[in-house]
Amino acid sequence: MKQELIYEGKAKQLYASSNQGEVIIHYKDDATAFNGIKKASIENKGILNNAISTRIYRYLGEHGIRTHYLETLNESDQRCLAVTIIPLEVIVRNVAAGSFSKRLQVEEGTPLQHVVFELCYKNDDLGDPLINDDHALALGIATEADLAQIRAMTFSINQLLIQLFLQCSIELIDFKIEFGKTASGELVLADEISPDSCRLWDMESHEKLDKDRFRRDLGKVQEAYQEILDRLIGVLDK
Ligand code: TMP
């Protein structure tokens, strides 16, 4: 079923599948930050992110979000629809943190009066620069219809994820998602949703339970990812 390696990213590998129109995504233990400048291997990260992303994708699928996810094959591999990724990193911010806090000098943890939707051009050579809808249209990255659908799906996903994490006593600070087009032209949510791509803070202690522990050398990275998985299992695996 799993055939040749098609693409290797920083945290995942993409393999061809003997099933037409499908790929197999393998989650690696590798972690990078600052556009690949900081690198490490985090024990079990692939297994943890596969387990976390699996549960989040199933939850979103059950709530009407169209996604690339088909099935989890084993502890590190998923069967997914083959999609052409739209080169946009779609970021949602509910609370100020990270690059938003730095750029606009807003203290991390400050609640935002309005949900912020950002687009970055997914291009490592350029360091994934922040762009707007007009830039995306001008560069031919997406159409107006794509952008409208991406925005609508992203806000639905935000609401669903806020509710899910609330049940886990976790505050969803911000997250990054990606979209792709299937062979039939359908726009679907793609890539992973995990502590690599979200900021997740414990509701009570505000402890960071995400990749900022790696980015900022806070320690206990694996433990934080395990905590997210355990809480999701507590809520979703009934
Ligand atoms: P930022 O505050 O650094 O712009 O990050 C916003 C969100 O996007 C945060 O939840 C982490 C996530 N993210 C990625 O998934 N990949 C990236 O390359 C970066 C920079 C951020």
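Residues numbered from 1 in each chain as written. Predicted model: local features only at pLDDT ≥ 70, side-chain atom pairs only at ≥ 80, totals over all residues. Heavy atoms only, no water.

Chemist: I'd like a description of the site of the ligand, backed by residues and values.
Modeler: Near the ligand there are 14 residues, and of these R93, S99, D174, K176 and R199 occur at the shortest range. R93 places a polar side-chain atom, nitrogen or oxygen, 2.8 Å from an oxygen atom of the ligand. Taking D174, its side chain carries an N or O atom lying 2.5 Å from an oxygen atom of the ligand. The protein chains hide 77% of the 450 Å² of surface that the ligand would expose on its own. Among the elements of the structure, β9 (88–95), α2 (98–104), β12 (170–181) and β14 (198–202) are those that each provide at least two residues to the shell around the ligand. For the shell around the ligand, a count of residues per class yields 4 nonpolar, 3 polar and 7 charged. (Near = heavy atom within 4 Å. Polar contact = N/O pair within 3.5 Å; in protein donor to acceptor, adjacent residues only side chain to side chain. Areas by Shrake-Rupley, 256 points an atom, 1.4 Å probe, with all protein chains shown as cover. Helix = DSSP H or I, 4+ residues; strand = E, 2+ residues; numbered from the N terminus. Nonpolar A, V, L, I, M, F, W, Y, C, P; charged D, E, K, R; others polar.)

Chemist: So what's going on with the sheet that holds strand β3 (residues 22–27)? Residues and values would help.
Modeler: In space, the 5 strands of this open sheet follow the order β1-β2-β3-β7-β6, with antiparallel pairing throughout. Strands with a single pairing partner mark the edges of an open sheet, and in this sheet they are β1 (2–8) and β6 (69–72). Across the sheet, the axes of successive neighbouring strands diverge by a mean angle of 30°, strand direction being ignored. Here 4 bridges tie β1 to strand β2 (residues 12–17), and the two strands are oriented antiparallel to one another. In the sheet register, L5 faces β2, and the bridge partner there is Y15. The sheet contacts of helix α1 (residues 45–62) involve β3, β6 and β7 (77–81), and relative to β6 the element is tilted by about 130°. (Pairing = 2+ DSSP bridges. Axes fitted to C-alpha atoms, helices over the stretch in contact; angles between N-to-C directions. Contact = heavy atoms within 4.5 Å.)

Chemist: Help me get a handle on the pattern of salt bridges, residues and values and all.
Modeler: Under the criterion given, the structure shown has 27 salt bridges. The salt bridge partner of R79 is E22, with a shortest N-O separation of 2.8 Å. Pair noted here: R79 is in strand β7 and E22 is in strand β3, with a separation of 57 residues, a long-range link. The same class applies to R79 and to E22, which are both buried. Here the residues in one salt-bridge network are R93, R103, E108, E118, D174, R199, D212, R215 and R216, joined through shared partners. (Salt bridge = Lys/Arg side-chain N within 4 Å of Asp/Glu carboxyl O. Buried < 20%, exposed > 50% of the residue type's maximum accessible area, 1.4 Å probe, protein only.)

Chemist: Residues and numbers for the pairing of β6, please.
Modeler: In this structure, β6 lies alongside β7, joined through 3 bridges in antiparallel fashion. Of the residues in β7, the one forming a bridge with Y69 is C80. Here β6 folds back onto β7 in antiparallel fashion, the turn holding 4 residues.

Chemist: Go over the packing of aromatic side chains, please, and point to the residues and values.
Modeler: The way to describe two aromatic rings as a pair is by their centre distance and the angle between their planes. As enumerated under the stated definition, the model contains 2 aromatic pairs in all. The interplanar angle of 40° and the centroid separation of 6.4 Å between the aromatic rings of Y57 and Y69 together place this pair among those described as tilted. In this pair, Y57 is assigned in helix α1 and Y69 in strand β6, connecting sequence segments 12 residues apart. The exposure classification of Y57 matches that of Y69, with both residues buried. (Phe/Tyr/Trp six-rings, centres within 6.5 Å; stacked < 30°, edge-to-face > 60°.)

Chemist: Got a sec to walk through helix α6 (residues 221–236)? Specific residues and values, please.
Modeler: If you check α6, its first and last C-alpha atoms are 23 Å apart, about what 16 residues at 1.5 Å a residue would give, namely 22 Å. All of the buried residues in α6 are V221, A224, Y225, I228, L229, R231, L232 and V235. Angular distribution of buried residues about the axis of α6 spans 165°; they occupy a single face of the element. In the core, the buried residues of α6 are packed alongside α1, α4 (144–167), β12, β14 and α5 (212–215). (Expected span 1.5 Å × (residues − 1). Arc of directions from axis to C-beta.)

In short, geometric facts, not functional conclusions.
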